[in-house]
Amino acid sequence: MKIAIVCYPTFGGSGVVATELGIALATRGHEVHFVTYKQPVRLELLNNNIYFHEVHVPEYPLFHYQPYELALSSKLVDTIKLYDIDLLHVHYAIPHAYAGYMAKKMLEEEGIHVPMITTLHGTDITLVGKHPFYKPAVTFSINQSDVVTSVSESLRQQTLDLFDIKGEIEVVSNFIDKRKYSPNYTDCERTAMANDDERIVTHISNFRKVKRIPDVLHIFNKIQEEIPAKLIMVGEGPEKENAEFICEQLRITDKVIFLGNSNEIDRILCFSDLFLLPSETESFGLAALEAMINKVPVISSNSGGIPEVNKHGVSGYLSDVGNVEEMAVNALKILRNDMDLNAFKKNAVTVAEQFDILQILPKYEEIYERAYSSRFKNVDR
Ligand code: GMT
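Residues numbered from 1 in each chain as written. Predicted model: local features only at pLDDT ≥ 70, side-chain atom pairs only at ≥ 80, totals over all residues. Heavy atoms only, no water.

Let us look at unusual backbone geometry. Cis geometry is found at the peptide bond from isoleucine 94 to proline 95, where omega equals -15 degrees. Mapped onto the elements of the fold, proline 95 is located in helix H3 (residues 93-108). With phi around 50 degrees, phenylalanine 207 is a residue other than glycine that occupies positive phi space. Note that phenylalanine 207 resides in the loop between strand S8 (199-204) and helix H7 (213-226). Judged by its relative accessible area of 0%, phenylalanine 207 is buried. With a phi angle near 50 degrees, arginine 212 is a residue other than glycine that sits in the positive phi range. Tracing the backbone shows arginine 212 in the loop between S8 and H7. (Helix = DSSP H or I, 4+ residues; strand = E, 2+ residues; numbered from the N terminus. Buried < 20%, exposed > 50% of the residue type's maximum accessible area, 1.4 Å probe, protein only.)

Next comes the structure, spelled out in structure tokens:
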């Protein structure tokens, strides 16, 4: 099939999922067209089946806000016509489902019928989408999608609770590709980060409030009071400055390494012993899953879809949001001795393998087939 994918190209779960899905679809012989404002960060290899179409938004001084949705829907119309695209898959409802719907309607005027699949990722529903300023438009564009998917059961339920949704929401989990992670890869260069006797604790995020960065630091502080340890903080975002300030207050600056955004997530996870994800809410927690497939157990909150990914007492531990005391105690249970740590590492991989892309890809392909074959369903005759 010829598939247009719309996503955010930046560091962030939804963009990563969309990009990895597109790459996997291309290797299965589909022709995949990414339509977004920048080449997605994980889209390094442009191959025969992968295309990238950049959306330009010309600056015009009259506009206080430049109209990205307008530029995106126009680009979609042009791309779909030029490449004879079969269907449109938009990731993150805002504003992609809205722009996709407009493109669909413009194309219908010309007798072209392209089904739209909308994948809900989390904050498009739980934080931004439910805001009264956006809610009517988000509800409308979800209801106008031919198929709606969510990345966890928890997000499906939250969407149904928060919005007046008319149709089905199908759960298609996020995924990893286990073939990328060789069990024989042992050269993790951990000496570059820590001494031999130190455990390495890692957090990766976009440093937004929802990630509860102060909790990450307080948990680590309690860990390092008990055992030698380093904390690696990967990512950029509004909470970073405060994080550096908290490190100074806790006098742990020499034990915390801020790496900024990175394209070497797997390399960092390779030398990590524990991953911290104490988020306020998390529809899925792709970062936790990526840690687990890299043999890193997870200490997380139990909010949103995280319990669908991190299994309590198996791949790590879960606690109520904000219970840093318990999170630190559980972290130490994992880290104190090599035998326990190795058992958790092994379990983390086993749980993560259940989310292998080979289980997930056929679900998307089935949805595409179904949406494509019913593309004339709502056409007035
Ligand atoms: O919060 C983020 O990390 C970014 C956000 C995004 O849209 O990129 O992540 C959301 O989508 C990811 C991929 O489906 C999920 O794994 C994250 O849990 C979800 N974030 C939240 O729900 C806060």
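Having put the structure on the table, let's press on.
The subject of this paragraph is helix H8 (residues 240-250). The set of residues buried in H8 consists of Lys240, Ala243, Ile246 and Cys247. For H8, the angular spread of buried residues about the axis comes to 110 degrees, placing them on one side. Turned more than 90 degrees off the buried face of H8, the exposed positions are Glu241, Glu248 and Gln249. On the buried face of H8, the contacting elements are H7 and strand S10 (256-260). Just downstream of H8 lies arginine 251, where phi reads positive at about 55 degrees. (Arc of directions from axis to C-beta. Contact = heavy atoms within 4.5 Å.)

Right, let's talk about the pairing of strand S5 (residues 116-120) for a bit. Taking burial as the measure, the 5 residues of S5 include 5 buried ones, the bulk of the element. Pairing of strand S4 (residues 87-91) with S5 involves 4 bridges; the strand directions are parallel. By the bridge assignment for S5, leucine 88 is matched with methionine 116. Taken together, S4, H3 and S5 constitute a β-α-β crossover, and its handedness is right-handed. Taken together, the 4 bridges between S5 and strand S6 (residues 147-150) define a ladder with parallel strand orientation. Bridging across to S6, threonine 118 finds its partner in valine 148. (Pairing = 2+ DSSP bridges. Right-handed = clockwise from strand over helix to strand, strands pointing away.)

It is worth spelling out H3 at this point. For H3, spanning 16 residues, the distance from its first C-alpha to its last is 21 Å, which sits close to the expected 22 Å at 1.5 Å a residue. All of the buried residues along H3 are Ala93, Ile94, Pro95, His96, Ala97, Ala99, Gly100, Tyr101, Ala103, Lys104 and Leu107. The inward-facing, buried residues of H3 contact strand S1 (2-6), helix H2 (68-83), S4, S5, helix H4 (123-126) and helix H5 (135-143). (Expected span 1.5 Å × (residues − 1).)

Neighbouring the ligand are 17 residues; Ser14, His121, Asn174, Glu282 and Ser283 lie closest to it. Separating an oxygen atom of the ligand from a side-chain N or O atom of asparagine 174 is a distance of 2.8 Å. Isolated, the ligand exposes 490 Å² of accessible area, and the fraction of that covered by the protein chains is 92%. A breakdown of the residues in the shell around the ligand according to their chemical character gives 4 nonpolar, 11 polar and 2 charged. (Near = heavy atom within 4 Å. Polar contact = N/O pair within 3.5 Å; in protein donor to acceptor, adjacent residues only side chain to side chain. Areas by Shrake-Rupley, 256 points an atom, 1.4 Å probe, with all protein chains shown as cover. Nonpolar A, V, L, I, M, F, W, Y, C, P; charged D, E, K, R; others polar.)

A two-sided burial pattern is seen for S6, the buried positions comprising Val147 and Thr149 on one face and Val148 and Ser150 on the other. By the bridge criterion, 2 bridges tie S6 to strand S7 (residues 170-171) in an arrangement that is parallel. Residue pairing in the sheet places threonine 149 in a bridge with glutamate 170 of S7. Read from S6 through helix H6 (residues 153-162) to S7, the crossover connection turns out right-handed.

This part takes up the side chain of histidine 96. Mapping histidine 96 onto the fold places it in helix H3. Engagement of the side chain of histidine 96 in a polar contact is seen with the backbone oxygen of tyrosine 92, the distance being 3.4 Å. Discounting chain neighbours no more than four positions away, the residues touching histidine 96 are Val6, Cys7, Tyr8, Tyr68, Leu72, Val90 and His91.

This part is about the sheet that holds S10. Sheet architecture is open: 6 strands sit in the order S10-S9-S8-S11-S12-S13, paired in parallel fashion. Each edge of the open sheet carries a strand with a single partner, namely S10 and strand S13 (316-319). Here the average twist between neighbouring strands, direction ignored, is 20 degrees. Note: strand S11 (residues 274-277) against strand S12 (residues 298-301), 3 bridges, orientation parallel. From the neighbouring strand, phenylalanine 275 faces S12, where its bridge partner is valine 298. (Axes fitted to C-alpha atoms, helices over the stretch in contact; angles between N-to-C directions.)

As for its placement among the helices and strands, threonine 27 is situated in helix H1 (residues 13-27). Here the alpha-carbon distance between threonine 27 and leucine 358, two residues 331 residues apart in the chain, equals 12 Å. Polar side-chain contacts of threonine 27 include one of 2.7 Å to the backbone oxygen of alanine 24.

This part covers the environment of cysteine 188. Locating cysteine 188 in the fold gives a position in the loop between S7 and S8. Residue classification places cysteine 188 among the buried positions, given a relative accessible area of 11%. Considered as a pair, cysteine 188 and arginine 267 are 79 residues apart in the sequence and their alpha carbons are 6.7 Å apart. Apart from the residues within four sequence positions on either side, cysteine 188 is in contact with Cys270 and Phe271.

Just geometry here; none of it tells us what the structure is for.
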